[in-house]
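Structure at a glance
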Amino acid sequence: MSQLKKIIIALVVLVLVGVGITAYQLYKTIKSPNVHIPDTEDQYFYIRTGASFEEVKQLLLNEGYLINENTFTWVAEKKKYIQNIKPGRYRLKEGMSNNELVNLLRSGRQVPVQVTFNTIRTLHELAGKVSSQLEVDSLSLDSALTDKELMQHYGFDETTFISMFIPNTYEFYWNTNGEEFIDRMAQEFKRFWTDVRIQKAKEIGLSQSEVATLASIVQQETFRADEMPKVAGLYLNRLERGMKLQADPTVKYAVGDPSLKRIYFKHLKVESPYNTYVVTGLPPGPIAVPERRALDAVLNAGDHNYYYMCAKPDYSGYHEFARTLAQHNRNRAKYIQFLRREGVR
């Protein structure tokens, strides 16, 4: 073999070796594991709306997820992720490669958040509860929830808008904004109000917002789900006879102190459209966000002849019901004696 051929073969071998090394290095850059999860379990990674690539990379480094910064940046550049940042909540897995990581973040395939809210008294509280579970900040959501034009868009006003928000657990993308949240709640409101429920509301002579208003009172009167239909039936009886509802929770709402343990005569005289000891009929709107069980308790109210109720003289949470004022006064006297024995002022 001539010297020239030997040189050519050697050069070819060197080129092939070089290509092989380059290919191997490229494979390692793209396919080798480059994600470490400190606790060895799947971890959620959050990218805020408007974040830059540098912010994303720095956050990955700060959280200790990224093993090699340079290889991640190289793959992100080649896959044009740097110009295509998508906010959201992503599940990272131990041992993910740069290719898998960039593909996931570039795709926008988020893991939804289970958003739960209940026992909410005001839309302000709702804003705080929801913003603690989603990216949207409390002030931004609070602003959207008090937007009169937005209320009117969905067919509500300042007093009834709260009835559109039905407590439950809902699936949302983490980067859902305020208006998107409200629009979703409008859809859930329509989904809740089936033809059957709408017909039941008509049969008891109430609008959907009025059902929510009464349900909010029932919910504040008793936390016992099995007693709610009975309480609802009592208030419907009073409405039918044109009697004042005289519901203590509305007094607390009118006074602005839901923590009141005892209602005194001075409280009953507070001038407010929400004080049902002063006004006849339902308040202008709900005094809290009514839960599904309370709404359905009103729609399926108990059929009875009770017009009065008083808490039982114990800590059961149940009530004594009466048909006459005389019987109610006897029940009330027993309860007052109980409070005095317990030292409740």
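First, a word on scope: everything that follows refers to the structure included in this document. Keep in mind it's a predicted model, so treat the numbers as computed, not measured.

Definitions and limits used
- Residues numbered from 1 in each chain as written.
- Predicted model: local features only at pLDDT ≥ 70, side-chain atom pairs only at ≥ 80, totals over all residues.
- Heavy atoms only, no water.
- Helix = DSSP H or I, 4+ residues; strand = E, 2+ residues; numbered from the N terminus.
- Buried < 20%, exposed > 50% of the residue type's maximum accessible area, 1.4 Å probe, protein only.
- Areas by Shrake-Rupley, 256 points an atom, 1.4 Å probe, with all protein chains shown as cover.
- Phe/Tyr/Trp six-rings, centres within 6.5 Å; stacked < 30°, edge-to-face > 60°.
- Lys NZ or Arg CZ within 6 Å of the ring centre and 35° of its normal.
- Contact = heavy atoms within 4.5 Å.
- Polar contact = N/O pair within 3.5 Å; in protein donor to acceptor, adjacent residues only side chain to side chain.
- Arc of directions from axis to C-beta.
- Core = buried A, V, L, I, M, F, W, Y, C linked by side-chain atoms within 4.5 Å.
- Expected span 1.5 Å × (residues − 1).
- Axes fitted to C-alpha atoms, helices over the stretch in contact; angles between N-to-C directions.
- Parallel < 35°, antiparallel > 145°, perpendicular 65-115°, else oblique.
- Left-handed = near helix turned anticlockwise from the far one by under 90°.

Once that is clear, we can look at the overall build of the protein chain. Counting its secondary structure elements, the protein chain contains 15 helices and six strands. Per-residue burial over the protein chain gives 41% buried out of 345 residues. Summing over all exposed atoms, the protein chain offers an accessible surface of approximately 18,800 Å²; the carbon and sulfur share of this is 50%.

Moving on, we come to the environment of Leu141. You can see Leu141 is positioned in helix H6 (residues 138-145). Look at Leu141 and you get buried, because its relative accessible area is 0%. Here the alpha-carbon distance between Leu141 and Gly178, two residues 37 residues apart in the chain, equals 4.8 Å.

Here the focus is the packing of aromatic side chains. On inspection of all chains with the given rule, the structure shows 17 aromatic pairs. Between Phe165 and Phe181 the ring centres are 6.3 Å apart and the planes differ by 15°, which places this aromatic pair in the stacked class. Here Phe165 is found in the loop between helix H7 (148-153) and strand S4 (168-172), whereas its partner Phe181 is found in helix H8 (residues 178-192), with 16 residues between them in sequence. The exposure class of Phe181 is buried, given its relative accessible area of 0%. With a centroid separation of 5.2 Å and 65° between ring planes, the pair formed by Tyr315 and Phe338 is classed as edge-to-face. In this pair, Tyr315 is assigned in the loop between strand S5 (308-311) and strand S6 (319-322) and Phe338 in helix H15 (residues 325-342), connecting sequence segments 23 residues apart. According to the relative accessible area criterion, Phe338 is buried, its value standing at 7%. An aromatic cluster is built from Phe117, Phe156, Phe161, Phe165, Tyr170, Phe172, Phe181, Phe189, Phe192 and Trp193, whose rings are joined through pairwise contacts. The ring of Tyr44 carries Arg89 above its face, with NZ or CZ at 3.7 Å from the centroid. Just above the ring of Tyr307 sits the side chain of Arg241; from NZ or CZ to the centre is 4.7 Å.

In this structure, Glu55 sits in helix H2 (residues 53-62). Note on Glu55: relative accessible area 37%, which makes it partly exposed. Look past the residues within four positions of Glu55 in its chain and what remains in contact with it is Arg48 and Gly50. Side chain to side chain, Glu55 and Arg48 meet in a polar contact 3.0 Å long.

The complete set of buried residues in H2 reads Phe53, Val56, Lys57 and Leu60. Considered in projection along H2, the buried side chains sweep an arc of 95° and stay on one side of the axis. At its buried positions, H2 is contacted by strand S1 (43-47), helix H3 (69-78), strand S2 (88-92) and helix H4 (98-107).

Further remarks concern the nonpolar core. By size, the foremost hydrophobic cluster in this structure holds 59 residues, and its most contacted members are Phe165, Phe181 and Tyr235. Not counting the four nearest positions on each side in its chain, Tyr235 is found in contact with Leu214, Ile217, Val218, Glu221, Leu245, Ala247 and Met309.

Time to look at H8. Across its 15 residues, H8 extends 21 Å between first and last C-alpha, which sits within 8% of the 21 Å expected from 1.5 Å per residue. Between the side-chain oxygen at the start of H8 and the backbone nitrogen of Glu179 there is a gap of 3.2 Å, and the oxygen is on Asn177.

With that settled, the discussion passes to the side chain of His304. Within the element layout of this structure, His304 appears in the loop between helix H14 (292-299) and S5. Judged by relative accessible area, which is 13%, His304 ranks as buried. There is a polar contact of 2.8 Å between the side chain of His304 and the backbone oxygen of Lys230.

Moving on, we get to the packing of helix H11 (residues 228-240) against H14. As a packed pair, H11 and H14 sit with axes 8 Å apart at the nearest point and diverge in direction by 50°. Taken as axis vectors, H11 and H14 run oblique relative to one another. Where H11 crosses over H14, the two elements pack in a sense that is right-handed. Contact residues: H11 offers Met228, Pro229, Ala232 and Leu236, while H14 offers Arg293, Ala294, Ala297 and Val298.

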